[in-house]
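Letter by letter, the chains look like this.
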Amino acid sequence: MNQKTRNILFMVSSIAVIIGAAMPLFMIKLPWIPYVYAIGAAGMAVCRLTFRYKGKNFRLKRLYHIETFSSLFLVASSYFMFRGDSDWIMLLTVAAALQLYTSILIPREVQKDQK
């Protein structure tokens, strides 16, 4: 999968995850919402699992692995959403925190690595 296709898939998947997570939080209960969330989570996981960092920077490797785990937490949270448990919110929060952490540190490390 090339980078342009991966970026488009990630953007569409992110929007699907946001829509799928926001609707139940705002008490909008529609039967197809877990499917939207699950498709988005699966798309994000595919994007993360198909990307491999080939550099030598150990910290960047670790950060990319953390990103992969955050997308797997999203997939796990979609399972709990289908079951009707409220545990999906906890996994979504953990995934969002990990994603925020990596989205701040990865560009910083890439900039350091290029110098």
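Residue positions are counted from 1 within each chain, in the order its sequence is given. Per-residue local features of the predicted model are confined to residues with pLDDT of at least 70, and side-chain atom pairs are confined, for both listing and counting, to 80 or more; whole-chain, interface and lining totals are unaffected and use all residues. As a convention, hydrogens and water are excluded, and side-chain values are obtained from all of the structure's heavy atoms.

Any chance you could explain the environment of Ile 104 here in plain terms?
Labels follow the DSSP assignment, with helices taken as runs of H or I lasting at least four residues and strands as runs of E lasting at least two, numbered in each case from the N terminus. Assignment of secondary structure puts Ile 104 in helix α4 (residues 87–114). For Ile 104, a relative accessible area of 43% gives the class partly exposed. Sequence separation between Ile 104 and Asn 57 is 47 residues, and the spatial gap between their C-alpha atoms is 17 Å. Partly exposed describes any residue whose relative accessible area lies between the buried limit of under 20% and the exposed limit of over 50%, with all areas from a 1.4 Å probe on protein chains only and scaled to the type maximum.

When you look at the nonpolar core in this model, what are you seeing that I'm missing?
Soluble globular proteins tend to pack their nonpolar side chains together in the buried interior. Membership of the largest hydrophobic core is limited to 10 residues, which are Val 17, Ala 21, Tyr 37, Ala 41, Met 44, Leu 74, Met 81, Trp 88, Leu 92 and Ala 95. Other than its neighbours up to four places away in sequence, Ala 41 contacts Val 17, Ser 71, Leu 74 and Val 75. Leu 60, Leu 63, Tyr 64 and Leu 105 belong to the second-largest nonpolar core, a separate cluster that totals six residues. What makes a nonpolar core is a set of buried Ala, Val, Leu, Ile, Met, Phe, Trp, Tyr and Cys residues whose side-chain atoms join them at distances within 4.5 Å. We call two residues in contact whenever any of their non-hydrogen atoms come within 4.5 Å of each other.

Would you take a moment to explain the pattern of salt bridges for this structure?
For side chains bearing opposite charge, pairing can occur when the charged atoms are close. We define a salt bridge as a contact between a side-chain nitrogen of Lys or Arg and a carboxyl oxygen of Asp or Glu at a distance within 4 Å. Inspection of every chain in the model, using the stated rule, returns four salt bridges. The salt bridge involving Arg 48 is made with Glu 67; its shortest N-O contact spans 3.3 Å. Taken together, the positions of Arg 48 in helix α2 (residues 33–50) and Glu 67 in helix α3 (residues 58–83) put the pair 19 residues apart, joining distant regions of the chain. On the basis of relative accessible area, Arg 48 is assigned to the buried category, the value being 16%. In this structure, Asp 85 and Arg 83 form a salt bridge, with 3.2 Å as the shortest nitrogen-oxygen distance. For Asp 85, a relative accessible area of 25% puts it in the partly exposed group. Of the residues examined, Arg 83 reaches a relative accessible area of 48% and is grouped as partly exposed. Overlapping salt bridges bring together Arg 59, Glu 109 and Lys 112 as one network.

Can you walk me through the packing of aromatic side chains in this structure?
To describe a pair of aromatic rings, you give the distance between the ring centres and the angle between the ring planes. Working definition: rings of Phe, Tyr and Trp (its six-membered ring) pair if their centres are within 6.5 Å, and the pair is stacked with planes under 30 degrees apart, edge-to-face with planes over 60 apart, and tilted otherwise. In this structure the tally under the stated criterion is five aromatic pairs. With centroids separated by 5.4 Å and ring planes inclined at 65 degrees, the aromatic side chains of Tyr 79 and Phe 80 adopt a geometry described as edge-to-face. Linked through ring pairs, Phe 51, Tyr 53 and Tyr 64 together constitute an aromatic cluster.

Would you mind showing me how to read α2 here?
For the α-helix, the turn length of 3.6 residues means that residues three or four positions removed from each other point alike. For α2, built from 18 residues, the straight-helix expectation of 26 Å at 1.5 Å per residue is met to within 8% by its first-to-last C-alpha distance of 26 Å. Within the span of α2, buried status applies to Ile 33, Pro 34, Tyr 37, Ala 38, Gly 40, Ala 41, Gly 43, Met 44, Ala 45, Cys 47 and Arg 48. In this structure, the buried side of α2 is in contact with α1 (3–25), α3 and α4. To estimate how far a helix should extend, the number of its residues minus one is multiplied by 1.5 Å.

How should unusual backbone geometry be read in this particular structure?
Trans peptide bonds make up the majority, and among non-glycine residues the majority have a negative phi. Despite not being glycine, Met 27 shows a phi value in the positive range, around 65 degrees. Structurally, Met 27 is set in the loop between α1 and α2.

Would you take a moment to explain the layout of surface pockets for this structure?
Where empty space is left becomes clear once a probe the size of a water molecule has been rolled over the atoms. In this structure, the largest pocket encloses a volume near 320 Å³. Those elements that place two or more of their residues in the lining of the largest pocket are α1, α2 and α3. It is α3 that contributes the most residues to the lining of the largest pocket, five residues altogether. Split into classes, the residues belonging to the lining of the largest pocket amount to six nonpolar, four polar and five charged. Method remark: on a 1 Å grid restricted to protein atoms, a set of points is classed as a cavity if a 1.4 Å probe fits but cannot get out and as a pocket if it is open with protein on both sides within 12 Å along at least five of seven lines; lining residues have an atom within 4 Å of a point. Grid points are joined across faces, edges and corners, and a volume is the space filled by probe spheres set on the points. Under this grouping Gly is polar, as are all residues other than the nonpolar Ala, Val, Leu, Ile, Met, Phe, Trp, Tyr, Cys and Pro and the charged Asp, Glu, Lys and Arg.

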